[in-house]
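Remarks on the overall topology
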Amino acid sequence: MFHAGKFHEIKGSQLNQKMKTDFVKYLIKKKYFELYYIKINNDLLTDKICENTARAFNYSIKLALSFFLEHKLLTDEDCLLQLDEKNERTEAKFFLENYLNTEFCLNDVTEKHYSVKYLDSADNPFIQIADVFANLYYSEINTGAYSDLFKELKEKDILKAVFEFPPRKRKKKK
């Protein structure tokens with residue numbers, strides 16, 4: 001969080017349990033935002049999709065947004081996605097925006113425009129906050145230490161949905 005003695009950025013992985021809990025409790029005093037998680041189970045991904053992490057990232061984003069829109073969890077309106085530039089390789093940075101808009105239009109998901117901006121997390125407080133919430137969810141999955149906090153997020157109607165990728169296949173009826 002500090003570089004050369006000066007505050008640089010908040011990273012969820014650098015906060016202990018009490019700091020994360022206090023930070024989140026402060027942010028959720030009022031309902032300023034909603035949470036939508038994308039949970040990727042790497043053990044269920046094929047080697048083929050993992051060969052190209054940018055493709056896997058973009059595809060999982062498209063599936064999750066489609067799911068959230070089709071289930072009316074998100075409002076159908078123009079959208080700006082602000083992503084940490086560390087999430088995408090340079091050669092694939094400008095692909096996601098065109099990919100989302102094409103897929104959504106051709107598959108009748110939405111005709112609204114999706115813009116994508118890749119930003120340095122050190123300069124963007126929204127990405128820093130998202131990082132803390134992502135780390136909080138990761139920690140909850142691995143330790144179960146934040147179940148009360150997640151219960152509160154649901155009760156306050158802040159945690160809206162968790163999309164799992166790859167989607168679980170439904171068993172066929174006999």
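So, a few notes on the structure that sits alongside this text.

Parameters at a glance
Residues numbered from 1 in each chain as written. Predicted model: local features only at pLDDT ≥ 70, side-chain atom pairs only at ≥ 80, totals over all residues. Heavy atoms only, no water. Core = buried A, V, L, I, M, F, W, Y, C linked by side-chain atoms within 4.5 Å. Buried < 20%, exposed > 50% of the residue type's maximum accessible area, 1.4 Å probe, protein only. Helix = DSSP H or I, 4+ residues; strand = E, 2+ residues; numbered from the N terminus. Contact = heavy atoms within 4.5 Å. 1 Å grid on protein atoms, 1.4 Å probe; cavity = no way out; pocket = protein on both sides within 12 Å on 5 of 7 lines; lining within 4 Å. Points joined across faces, edges and corners; volume = space filled by probe spheres on them. Expected span 1.5 Å × (residues − 1). Phe/Tyr/Trp six-rings, centres within 6.5 Å; stacked < 30°, edge-to-face > 60°. Salt bridge = Lys/Arg side-chain N within 4 Å of Asp/Glu carboxyl O. Pairing = 2+ DSSP bridges.

Right, let's get into the nonpolar core. In terms of nonpolar packing, the biggest core is built from 17 residues, with Val24, Leu35, Tyr37, Phe133, Leu136, Phe150 and Leu153 touching the most fellow members. Of all the elements in the fold, those that place two or more residues in this core are helix H1 (17-27), strand E3 (35-40), helix H5 (125-143) and helix H6 (147-155). With four residues, H5 is the single largest residue contributor to this core. Setting aside residues up to four positions removed in sequence, Phe133 forms contacts with Val24, Leu27, Ile28, Phe33, Leu35, Tyr37 and Leu153. Of all hydrophobic cores here, the second largest spans 14 residues; its members include Ile61, Leu96, Tyr99 and Leu100.

In this approach a probe as big as a water molecule rolls over the atoms, and the regions it shows empty are the leftover space. Put simply, the largest pocket is a space of about 2300 Å³. Forming the walls of the largest pocket are 50 residues, and the residues nearest its centre are Tyr36, Ile38, Leu83, Ala130 and Ala134. The greatest single-element share of the lining of the largest pocket, amounting to 12 residues, is contributed by H5.

Another aspect to go through is helix H4 (residues 95-106). Its 12 residues place the ends of H4 16 Å apart at the C-alpha level, agreeing with the 16 Å of an ideal helix rising 1.5 Å per residue. If you check which residues of H4 are buried, you get Leu96, Tyr99, Leu100, Asn101 and Phe104. On its buried face, H4 is in contact with helix H3 (53-70), strand E4 (79-84) and strand E5 (114-119). Directly beyond the C-terminal end of H4, a positive phi value near 55° is found at Asp108.

A separate point is the packing of aromatic side chains. For the coordinates displayed, the defined rule picks out 11 aromatic pairs. A centroid spacing of 5.4 Å and a plane angle of 20° characterise the contact between Phe95 and Tyr99, whose relative ring orientation is stacked. Of this pair, Phe95 and Tyr99 are both found in helix H4, four residues apart, which corresponds to roughly one turn of the helix. A relative accessible area of 15% places Tyr99 in the buried class. In this structure an aromatic cluster arises from ring pairing among Tyr36, Phe67, Phe68 and Phe163.

Looking now at the pattern of salt bridges. Tallied over the full model, the rule gives eight salt bridges. Between Lys160 and Asp157 there is a salt bridge, with its nearest N and O atoms 2.7 Å apart. For Lys160, a relative accessible area of 26% puts it in the partly exposed group. Take Asp157: its relative accessible area is 36%, and that puts it in the partly exposed class. Residues joined in a network through salt bridges with shared partners are Lys31, Glu34, Asp157 and Lys160.

What follows deals with the pairing of E5. Within a regular beta strand, the side chains point alternately toward one face of the sheet and then the other, so they alternate between its two faces. The two faces of E5 differ: Tyr114, Val116 and Tyr118 on one face are buried, but Ser115, Lys117 and Leu119 on the other face are not. Of the strand pairs in this sheet, E4 and E5 are connected by six bridges, and their pairing is parallel. The residue of E5 that forms the bridge with Leu80 is Ser115.

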